[in-house]
Every structure is written in C-alpha cells, then in structure tokens.
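Read off the chains here:
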Amino acid sequence: MRWNGQRLDTESTSALPGLAQLSSLVRSVKSPEFAGITFHEVLAKSALNHVPTQSTMPFSYTINPYRGCSHACVYCFARPTHTYLDLDSGLDFDSQIVVKVNVAEVLAKELAKPSWAHHPVALGTNTDPYQRAEGRYALMPGIIEALADSGTPFSILTKGTLLRRDLPLLVEASKRVKVDIGMSIAIYDDDLQQSVEPGTPTAKARLATVRAVRDAGLECSVFLMPILPYLTDTTTHLDDALARVKEAGATSVLHSVLYLKPGIKPWFMQWLEREHPEQVESYRAMYPGSSSYAPKEYRAWLGRRIRPLLAKHGLRQGVADPATGGVASSALGLLPQMDDQRLFTPVGRAPRPARPPVNAVPGSPTLF
Ligand code: SF4
C-alpha cells in the first residue's frame with residue numbers, strides 16, 4: 001500500500017467532543033500528506049446499512065467506509081450526517097473524516113451469515129469511497145473482495161480517480177458478480193468545478209478514469225449531477241459535457257438538478273453569495289423558504305433541453321437506484337421507463353417489470 005512504511009503522523013491526545021460518543025474510536029491522526037485533515041479511526045460494529053425505502057424494492061443495502069468527505073462539494077447532501085457526531089456540516093464534514101478501519105473484516109462476517117440474501121449493495125451513496133483517505137487506508141480492495149467472494153452484486157459511485165487502482169480487482173469481481181460503476185462528473189468548467197468541489201479531481205481526470213474503466217472492459221455510467229441552475233444548465237455547457245462524456249466511452253448518463261435540503265442550503269448559499277452574488281436572487285426564487293427541490297416546471301424544461309443533446313451524442317439515459325440514490329444495479333434487471341424508449345432502453349435486455357425510475361419517485365435525491 002502506498003502509505004506503508006511512512007512515519008506515523010501526529011496522534012491526537014483528545015478526540016473532538018462529539019467523537020467521544022464513539023466508544024469504538026481507536027485514535028485520531030493527522031498526516032503531513034493530508035494537510036488540514038484529521039482522520040478518526042474507529043472500529044465499526046457493522047458494515048452493511050439497511051436503507052429503508054419507499055420504493056417497491058423491499059431491501060437496499062449500502063456500505064460507507066468513511067464518514068465525512070474531503071472532496072468537499074458545497075452541495076453535498078450528506079453534510080448533516082456529521083452533526084450526529086457534534087461536528088459541523090461545513091468545514092468539519094470536509095476535514096474531520098471518520099474511518100472504519102475494520103470495515104472489510106466486519107463485512108466479510110456479515111456476508112457469511114446464512115441469512116444474507118445477496119441483495120445488491122451500493123457504495124458511494126453517502127460519502128465517497130474513493131475520497132483521498134482511501135489512498136492512505138485502502139479499505140476498498142477488502143470490501144470488493146468480500147463482496148465478490150460472497151457472491152454479492154454491487155455498485156460504486158465516485159468522483160475519485162483512485163478507483164483506477166482497483167480496476168484489476170473490479171474486473172475479477174465482475175466475472176463472479178454484477179458490478180456497476182458510476183463516475184460523478186457534474187461540472188465541466190474547471191474554475192467552477194474547483195470552486196464548487198474543491199477537493200475533487202478535475203473533470204478531465206475523472207473522464208480519463210471513465211476511459212480506463214471502459215478499456216478494462218467494464219461498463220461505466222456518468223452521473224451529470226447536480227446540474228446547477230443558471231450556472232451549468234446552458235446548452236453550451238451541457239453539449240460540451242455530453243460530447244466529452246461520449247468521447248470517454250461512458251455507457252449511459254444520469255442527470256438531476258441541484259437538491260438543497262435543509263442543512264445544506266445555508267452552506268451552499270454562503271458559497272453562492274461569495275462566488276456568484278449575481279445569482280443569489282434567482283436561487284432564492286427557485287428554492288424558496290424550506291423548499292429543497294427546483295420547481296417541476298424547471299426540471300421538465302431541463303429534461304427537454306437535455307434529451308435532444310443525449311440523442312445528438314448517441315448517449316442513453318441510465319437509471320439511478322431510488323432506494324440509495326446510487327447506480328441502479330443491473331443485477332436487479334431494471335428497465336428504465338422513460339418517455340423515449342428508443343433512446344433509453346438498455347441494449348440487449350429483455351423488458352421486465354421494473355421499479356419506478358428515479359425520476360418518477362418524488363423527492364428522491366441523488367447524492368452526486
Ligand atoms: S457529494 Fe460525494 S464526493 Fe462530494 S463531498 Fe459529498 S460525498 Fe464527497
């Protein structure tokens with residue numbers, strides 16, 4: 001592993017106040033290679049999270065090896081989860097990263113239980129499994145192996161180019177179970193991307209990762225999420241984005257509009273006031289009061305704008321999992337039920353009854 005043999009860092013003598021609640025806290029460490037970030041290493045009691053859902057699928061499972069995310073996207077709707085630890089949903093979410101150091105081991109035990117029914121498992125639906133911490137802790141190889149060994153299909157959604165490190169493992173896993181990979185790339189204007197998602201790799205680097213996934217023989221969806229009203233919804237931006245996505249070899253594209261749930265909105269609006277004050281009034285009108293969603297008229301308008309562009313670039317619209325907000329597992333045999341089957345029917349898959357597509361589930365957010 002890349003970090004093996006390196007001098008160990010600074011061990012904190014006192015955890016942050018809320019982290020004292022974590023009886024499983026092993027230690028808190030800082031590392032010169034990760035300036036400004038503190039890792040709080042914990043021993044997880046469980047790895048699989050059962051996600052209650054209103055969808056017609058009764059079960060859904062996720063794994064989150066990290067809490068908090070140094071990718072630091074201002075719109076990230078997982079931010080409020082940090083407040084459960086008495087950490088704040090702003091800078092603390094970006095820089096106080098909880099690491100479940102034993103997650104693969106615990107997962108292997110959970111998957112070995114006779115009661116485990118091998119439901120598809122989604123990774124990357126709450127925090128990014130290939131955020132920078134993964135370079136240090138390398139938890140994903142053990143997770144991938146545990147899932148493949150147990151015959152459990154899984155999906156990964158990420159903005160992290162570190163996924164390339166695990167491509168050989170993912171290829172091997174895909175010979176045994178269904179593996180769905182999604183790369184989240186929402187913003188193709190470099191300055192805007194660095195401002196909104198300051199801890200993420202560039203769009204160019206992520207597109208190169210899509211290409212690497214495809215060259216390895218795996219499918220790769222691109223999540224064009226979130227589209228930011230007035231900032232990334234122009235035909236020019238979308239057209240350029242889809243041209244580059246097509247060139248990278250993506251197998252499908254999913255899109256959705258910015259979701260600003262309570263707890264996120266103040267953080268996002270602070271950023272907007274600082275970086276794009278000219279848009280503040282427009283956003284207040286689009287997301288009034290406690291409203292988290294852009295008006296349905298706007299979403300319909302955006303759909304009308306983007307569909308011809310998908311067709312122009314020969315891209316098909318993919319399906320997100322309404323239960324997790326991540327990549328819909330092809331293991332579920334889902335069929336999209338969009339309004340243009342000519343464009344959206346997956347190639348080579350027979351029609352089967354399906355859950356509603358994510359667009360049909362009111363209020364179903366998607367993280368990336
Ligand atoms: S949106 Fe995803 S990549 Fe960005 S901070 Fe949140 S979890 Fe991390």
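Residues numbered from 1 in each chain as written. Predicted model: local features only at pLDDT ≥ 70, side-chain atom pairs only at ≥ 80, totals over all residues. Heavy atoms only, no water.

Draft legend 1. Helix H5 (residues 167-174), seen in detail. Of the residues making up H5, those classed as buried are Leu167, Leu170, Val171 and Ala173. The buried side chains of H5 occupy one side of the element, clustering within an arc of 160 degrees when seen end-on. (Buried < 20%, exposed > 50% of the residue type's maximum accessible area, 1.4 Å probe, protein only. Helix = DSSP H or I, 4+ residues; strand = E, 2+ residues; numbered from the N terminus. Arc of directions from axis to C-beta.)

Draft legend 2. Geometry of the sheet that holds strand E10 (residues 179-184). Reading across from one edge, E4-E5-E8-E9-E10-E11-E12 is the order of the seven strands in this open sheet, with mixed pairing throughout. What marks the edges here is a single partner per strand, and that holds for strand E4 (49-50) and strand E12 (252-257). Two elements, E4 and strand E5 (residues 61-63), share two bridges in a ladder whose sense is antiparallel. The residue bridging histidine 50 from the neighbouring strand is tyrosine 61, located in E5. Helix-sheet contacts for helix H8 (residues 235-248) involve strand E11 (221-227) and E12, and the interaxial angle to E11 is about 160 degrees. Across the sheet, helix H11 (residues 296-312) lies against E11 and E12, angled at about 160 degrees from E12, the strand it touches most. (Pairing = 2+ DSSP bridges. Contact = heavy atoms within 4.5 Å. Axes fitted to C-alpha atoms, helices over the stretch in contact; angles between N-to-C directions.)

Draft legend 3. Highlighting the packing of aromatic side chains. Tallied over the full model, the rule gives ten aromatic pairs. Note on tyrosine 230 and tyrosine 283: the rings are 6.1 Å apart at their centroids and 70 degrees apart in plane angle, and the pair reads as edge-to-face. Remark: tyrosine 283 occurs in helix H10 (residues 280-286) and tyrosine 230 occurs in the loop between E11 and H8; sequence separation between them is 53 residues. Residues tyrosine 298 and tryptophan 301 carry aromatic rings whose centres are separated by 5.4 Å and whose planes lie at 35 degrees to one another, so their mutual orientation is tilted. One end of the pair, tyrosine 298, and the other, tryptophan 301, are both in helix H11, three residues apart, so they sit about a helical turn from each other. Relative accessible area serves as the criterion here: at 10%, tyrosine 298 is assigned to the buried category. (Phe/Tyr/Trp six-rings, centres within 6.5 Å; stacked < 30°, edge-to-face > 60°.)

Draft legend 4. Main features of the pairing of E11. Burial analysis of E11 places seven of its seven residues in the buried class, the great majority of the element. Note: E10 against E11, three bridges, orientation parallel. Looking across to E11, one finds that serine 184 is bridged to phenylalanine 223. Bridging between E11 and E12 involves five bridges; their strand directions are parallel. Opposite isoleucine 227, over in E12, you have valine 257 as the bridge partner. In this fold, E11 hands off to H8, which returns the chain to E12; that crossover is right-handed. (Right-handed = clockwise from strand over helix to strand, strands pointing away.)

Draft legend 5. Region of interest: unusual backbone geometry. Between methionine 225 and proline 226 the backbone carries a cis peptide bond, its omega angle lying at -5 degrees. Structurally, the position occupied by proline 226 is in strand E11. Although it is not a glycine, tyrosine 230 sits at a positive phi angle of roughly 70 degrees.

Draft legend 6. Spotlight on the nonpolar core. The biggest cluster of nonpolar side chains holds 93 residues, and the ones touching the most others in it are Ile143, Phe154, Leu170 and Phe268. Top contributing element to this core by residue count: helix H4 (residues 140-150), with six residues. If we ignore the near neighbours within four places in the chain, the residues touching phenylalanine 154 are Val121, Leu123, Ile144, Leu147, Leu170, Ala173, Val177, Lys178, Val179 and Asp180. Counting six residues, the second largest nonpolar core, distinct from the first, contains Leu157, Met225, Ala320 and Val327. (Core = buried A, V, L, I, M, F, W, Y, C linked by side-chain atoms within 4.5 Å.)

Draft legend 7. Seen up close, the packing of helix H2 (residues 103-111) against H4. It is the contact of H2 with H4, at a shortest axis distance of 8 Å, that shows an interaxial angle of 10 degrees. One finds that H2 runs roughly parallel with respect to H4. Taking contact as the criterion, the partners of Val103, Ala104, Leu107, Ala108 and Leu111 in H2 are, on H4, Gly142, Ile143, Ala146, Leu147 and Ser150. (Parallel < 35°, antiparallel > 145°, perpendicular 65-115°, else oblique.)

Draft legend 8. Local environment of the environment of arginine 27. With respect to the secondary-structure elements, arginine 27 resides in strand E2 (residues 25-30). Along the sequence, arginine 27 and histidine 40 sit 13 residues apart, while their C-alpha atoms lie 6.0 Å from each other. Polar side-chain contacts of arginine 27 include one of 2.7 Å to the side chain of glutamate 41. (Polar contact = N/O pair within 3.5 Å; in protein donor to acceptor, adjacent residues only side chain to side chain.)

Nothing here speaks to function; it is geometry throughout.
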